[in-house]
Amino acid sequence: SQTIHQWPATLVQPVGSPLSLECTVEGTSNPNLYWYRQAAGRGLQLLFYSVGIGQISSEVPQNLSASRPQDRQFILSSKKLLLSDSGFYLCAWSEGGANLGHQPQHFGDGTRLSIL
Amino acid sequence: QQQVKQSPQSLIVQKGGIPIINCAYENTAFDYFPWYQQFPGKGPALLIAIRPDVSEKKEGRFTISFNKSAKQFSLHIMDSQPGDSATYFCAASTYSGGGADGLTFGKGTHLIIQP
């Protein structure tokens with residue numbers, strides 16, 4: 001069966017510090033990968049998605065970047081964190097491949113990021 | 001611009017009642033409408049999803065009703081239990097054909113089922 005792992009579960013960082021959040025998926029090949037952010041009292045906002053190694057699409061201009069160095073690894077980064085980067089960051093995966101139709105997205109348990 | 005509007009923001013129902021959560025969308029290109037359930041400190045889990053070619057879909061105690069002309073869809077939970085207390089999100093997406101379709105989420109409904 002497929003599993004998705006995110007770490008760390010919680011993170012407290014000072015303003016201006018760098019960030020690296022990691023997400024890995026097991027039990028599948030060539031998944032589509034996604035990063036979402038959930039702010040308090042709001043829905044999830046899609047930040048980035050990837051259909052393959054090195055292929056990143058950004059949905060929202062921001063202080064963050066994403067990379068996919070390996071097939072089942074997705075990394076969210078920032079060079080200098082802002083107070084507004086605080087939130088709950090969620091990674092998700094779905095079956096990859098063209099013309100499969102809509103595939104359900106499966107979420108990890110997220111990283112709670114607090115910027116001080 | 002909020003493309004998926006969800007209501008109510010919070011809802012309290014007695015055990016055994018039928019909570020109903022409503023969503024409305026604007027983008028007529030949306031063709032996939034899932035519902036997610038989220039418990040505190042956890043990621044959302046897919047409950048049920050519908051495509052616009054059907055008006056209703058049931059899975060266990062969960063039912064989605066879909067009104068394409070009104071651009072609205074709703075989640076009903078039959079015989080609700082305290083364990084159903086969670087935050088529920090509706091979402092929508094379009095199919096790009098290329099495989100990766102990001103979801104547009106509503107803001108969520110915090111549901112409490114009282115014993």
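Residues numbered from 1 in each chain as written. Chains lettered and ligands numbered in written order. Predicted model: local features only at pLDDT ≥ 70, side-chain atom pairs only at ≥ 80, totals over all residues. Heavy atoms only, no water.

A.B. asks: Which residues make up the overall build of chain A, and what are the values?
C.D. replies: When you go through chain A residue by residue, the secondary structure sums to zero helices and eleven strands. When the helices and strands of chain A are placed in sequence order, the string is β-β-β-β-β-β-β-β-β-β-β. Compactness check: chain A gives a C-alpha radius of gyration of 14 Å against a globular reference of 13 Å for 116 residues, within 12% of the reference. Dimensions along the principal axes, computed over C-alpha positions, put chain A at roughly 45 × 25 × 20 Å. Of all 116 residues assigned to chain A, the portion counted as buried reaches 47%. A separation threshold of at least 6 residues defines the contact pool for chain A, and within that pool the share at least 24 residues apart is 57%. A total of about 5400 Å² of accessible surface is found on chain A, and carbon and sulfur atoms cover 51% of it. Distance from the positive charge centre (7 side chains) to the negative charge centre (7 side chains) of chain A: 11 Å. (Helix = DSSP H or I, 4+ residues; strand = E, 2+ residues; numbered from the N terminus. Rg over C-alpha atoms; globule rule 2.2 N^0.38 Å. Buried < 20%, exposed > 50% of the residue type's maximum accessible area, 1.4 Å probe, protein only. Contact = heavy atoms within 4.5 Å. Areas by Shrake-Rupley, 256 points an atom, 1.4 Å probe, with all protein chains shown as cover. Lys, Arg positive; Asp, Glu negative; His and termini not counted. Charge placed at Lys NZ, Arg CZ, Asp CG, Glu CD.)

A.B. asks: Outline the state of the cysteines, listing residues and values.
C.D. replies: This structure, assessed with the given rule, holds two disulfides over all chains. Between the sulfur atoms of A:C23 and its disulfide mate A:C91 the distance is 2.0 Å. Taking the torsion about the S-S bond as the criterion, the A:C23 to A:C91 disulfide, at about -75°, is left-handed. One end of the pair, A:C23, is in strand β3 (residues 19-26); the other, A:C91, is in strand β9 (residues 87-94), and 68 residues separate them in sequence. The disulfide bridge from B:C23 ends at B:C90, spanning 1.9 Å between sulfur atoms. Where B:C23 bonds to B:C90 through sulfur, the torsion about that S-S bond is close to -95°, and the disulfide is left-handed. Residue B:C23 is found in strand β3 (residues 20-25), and its partner B:C90 is found in strand β9 (residues 86-92); the two are separated by 67 residues along the sequence. Note on B:C23: relative accessible area 2%, which makes it buried. (Disulfide = S-S within 2.5 Å.)

A.B. asks: Tell me about the pattern of salt bridges, and please be specific about residues and values.
C.D. replies: Residues and elements named next belong to chain A. According to the stated counting rule, one finds five salt bridges over all chains in the structure shown. Residue R37 is joined to D85 by a salt bridge in which the shortest nitrogen-to-oxygen separation is 3.9 Å. Taken together, the residues span a long stretch of sequence, with R37 in strand β4 (residues 32-38) and D85 in the loop between β8 (73-78) and β9 at a distance of 48 residues. Take D85: its relative accessible area is 3%, and that puts it in the buried class. With a closest N to O distance of 3.3 Å, R68 and D71 form a salt bridge. You can call R68 buried: its relative accessible area is 3%. (Salt bridge = Lys/Arg side-chain N within 4 Å of Asp/Glu carboxyl O.)

A.B. asks: Describe in detail the sheet that holds strand β1 (residues 3-7) of chain A, supporting the description with residues and values.
C.D. replies: Within a sheet, each strand pairs with its neighbour through backbone hydrogen bonds, oriented either parallel or antiparallel. Residue and element names in this part refer to chain A. Strand order in the open sheet formed by four strands is β1-β3-β8-β7, with antiparallel pairing between adjacent strands. Bordering the open sheet on either side are β1 and β7 (65-70), each of which pairs with just one other strand. With direction set aside, neighbouring strand axes in the sheet form an average angle of 20°. One ladder, built from six bridges, connects β3 with β8; its direction is antiparallel. (Pairing = 2+ DSSP bridges. Axes fitted to C-alpha atoms, helices over the stretch in contact; angles between N-to-C directions.)

A.B. asks: So, the layout of surface pockets: which residues are in play, and what are the values?
C.D. replies: Within this model, the second largest pocket holds a volume of roughly 390 Å³. Lining the second largest pocket we find 22 residues, and of these A:Q38, A:G41, B:Q38, B:T87 and B:F89 sit closest to its centre. Secondary-structure elements contributing two or more residues to the lining of the second largest pocket are β9 and β11 (109-114) of chain B. Looking at the lining of the second largest pocket, the element that brings in the most residues is β9(B), giving three residues. A per-class count over the lining of the second largest pocket returns seven nonpolar, eleven polar and four charged. (1 Å grid on protein atoms, 1.4 Å probe; cavity = no way out; pocket = protein on both sides within 12 Å on 5 of 7 lines; lining within 4 Å. Points joined across faces, edges and corners; volume = space filled by probe spheres on them. Nonpolar A, V, L, I, M, F, W, Y, C, P; charged D, E, K, R; others polar.)

A.B. asks: Tell me about the side chain of A:S50, and name the residues and values.
C.D. replies: As for its placement among the helices and strands, A:S50 is situated in strand β5 (residues 44-52). When sequence neighbours within four positions are dropped, the list of residues in contact with A:S50 reads A:P31, A:N32, A:L33, A:Q55, A:I56, A:R68 and A:F74.

That is the geometry; function is a separate question.
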